[in-house]
Amino acid sequence: MAEKKKIRRKIVMPEGYKRKPKMLYKEDFYPKELVKRVLEFLESKIDEEDYFVSPMISMPTGKVKIPRRQALMGDKGKSYGYSGITIPAKEWNPAMYEMMKMSEKYVREHEDPDITFNVIFINLYEDGGDHVSWHKDRKKDLMLGSTIGSASLLATRRFSMR
């Protein structure tokens with residue numbers, strides 16, 4: 001039997017921040033049938049020209065194309081913007097909505113009974129070269145201490161925070 005890798009956890013919070021951050025981790029959280037439906041849906045959208053996008057973003061060194069493809073799914077009228085771009089939310093797919101509601105229920109039961117998730121930001125990594133670089137979420141509508149959810153399907157990825 002293969003030995004499980006130790007999960008390292010080090011979270012550095014801004015000076016003066018009082019709330020102790022928590023990370024909830026649950027392996028094999030979603031039922032296999034739900035994951036199958038989500039993947040079938042996402043695979044059906046991969047070749048649609050305007051579903052997953054790889055926008056050019058503003059960086060201190062100039063405009064660069066992000067090294068992954070992205071989509072946003074969520075409540076009507078929602079969008080997400082960063083680095084000079086805005087991605088409007090696409091209508092909920094039933095399987096993705098179910099996944100979001102499962103995550104929301106878990107967080108409500110284990111951390112924050114008032115949490116409400118309203119979007120899913122989807123990063124599509126096509127190979128080992130696709131990634132998210134170190135960054136800080138500086139969005140004005142993300143309050144300090146906000147809860148986010150993250151799920152990896154299929155390939156294992158390192159999720160690091162500092």
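Preceding block: the structure.
Now for a look at the structure at hand. Residue positions are given per chain, counting from 1 as you read along its sequence in written order. Reporting in this predicted model follows two pLDDT cut-offs: at least 70 for local features of residues, and 80 or more for side-chain atom pairs to be given and counted; totals over whole chains, interfaces and linings ignore these cut-offs and use all residues. Hydrogens and water molecules were not included; the side-chain quantities draw on all heavy atoms of the structure.

Turning next to the overall build of the protein chain. The secondary structure content of the protein chain amounts to 2 helices and 6 strands. Listed N to C, the secondary structure of the protein chain is α-β-β-β-β-β-α-β in terms of helices and strands. Using a 1.4 Å probe on the protein chains alone, a residue whose accessible area is under 20% of its type maximum counts as buried, one over 50% counts as exposed, and one in between counts as partly exposed. By residue count, 25% of the 162 residues in the protein chain fall in the buried class. Nonlocal contacts in the protein chain, meaning residues at least 24 apart in sequence, comprise 58% of its contacts between residues at least 6 apart. Looking at the protein chain as shown, the accessible area adds up to about 12700 Å², and 52% of this sits on carbon and sulfur atoms. The numbering of helices and of strands both runs from the N terminus, where a helix is a DSSP run of H or I of at least 4 residues and a strand a run of E of at least 2. The contact rule is simple, with two residues in contact once any of their heavy atoms fall within 4.5 Å. Exposure was quantified through the Shrake-Rupley algorithm and a 1.4 Å probe, taking into account, for residues, occlusion by the shown protein chains and nothing else.

Moving on, we come to helix H2 (residues 94-110). Every helix has an expected span of 1.5 Å times one less than the residues it contains. Given a rise of 1.5 Å per residue, 17 residues ought to cover 24 Å, and the 24 Å separating the end C-alpha atoms of H2 matches this to within 8%. Buried within H2 are the following residues: Ala95, Met96, Met99, Met100, Ser103, Glu104, Tyr106 and Val107. Buried residues along H2 sit in contact with helix H1 (32-45), strand E3 (69-74) and strand E6 (119-124). Capping the start of H2, asparagine 93 holds a side-chain oxygen 2.9 Å from the backbone nitrogen of alanine 95, two or three residues further along. Polar contacts here mean pairs of N or O atoms no more than 3.5 Å apart (in protein, one a potential hydrogen donor and the other a potential acceptor; neighbouring residues in sequence count only if both atoms are side-chain atoms).

Once that is clear, we can look at the pattern of salt bridges. The term salt bridge refers to a pairing of a side-chain nitrogen on Lys or Arg with a carboxyl oxygen on Asp or Glu at a separation within 4 Å. Applying the stated criterion across every chain, the model contains 5 salt bridges. A salt bridge links glutamate 98 to arginine 37; the nearest nitrogen and oxygen atoms lie 2.6 Å apart. Taken together, the residues span a long stretch of sequence, with glutamate 98 in helix H2 and arginine 37 in helix H1 at a distance of 61 residues. Residue glutamate 98 is classed as partly exposed on the basis of its relative accessible area, which comes to 34%. Take arginine 37: its relative accessible area is 32%, and that puts it in the partly exposed class. Across the pair lysine 45 and glutamate 48 runs a salt bridge whose closest N-O atoms are separated by 3.1 Å. With a relative accessible area of 18%, lysine 45 lands in the buried category.

Let's shift gears to the side chain of glutamine 70. Topologically, glutamine 70 is positioned in strand E3. We classify glutamine 70 as buried; its relative accessible area is 0%. If sequence neighbours within four positions are ignored, glutamine 70 has contacts with Tyr51, Phe52, Val53, Pro55, Tyr82, Ile87, Phe121, Ile122 and Asn123.

What follows deals with the packing of aromatic side chains. Any aromatic ring pair is given by two values, namely how distant the centres are and how the planes are angled relative to each other. To pair, rings of Phe, Tyr and Trp, with the six-membered ring standing in for Trp, must have centres within 6.5 Å; the planes then decide the type, stacked if under 30 degrees apart, edge-to-face if over 60, and tilted in the middle. Going through the model one piece at a time under the given rule, you end up with 6 aromatic pairs. Through a chain of ring-to-ring contacts, the aromatic side chains of Phe29, Tyr30 and Tyr106 assemble into a single cluster. Throughout this description, the term charge over a ring refers to an Arg CZ or Lys NZ atom that lies within 6 Å of the ring centre and within 35 degrees of the ring normal. The ring of tyrosine 51 has lysine 90 lying over it, and the distance from NZ or CZ to the ring centre is 5.1 Å.

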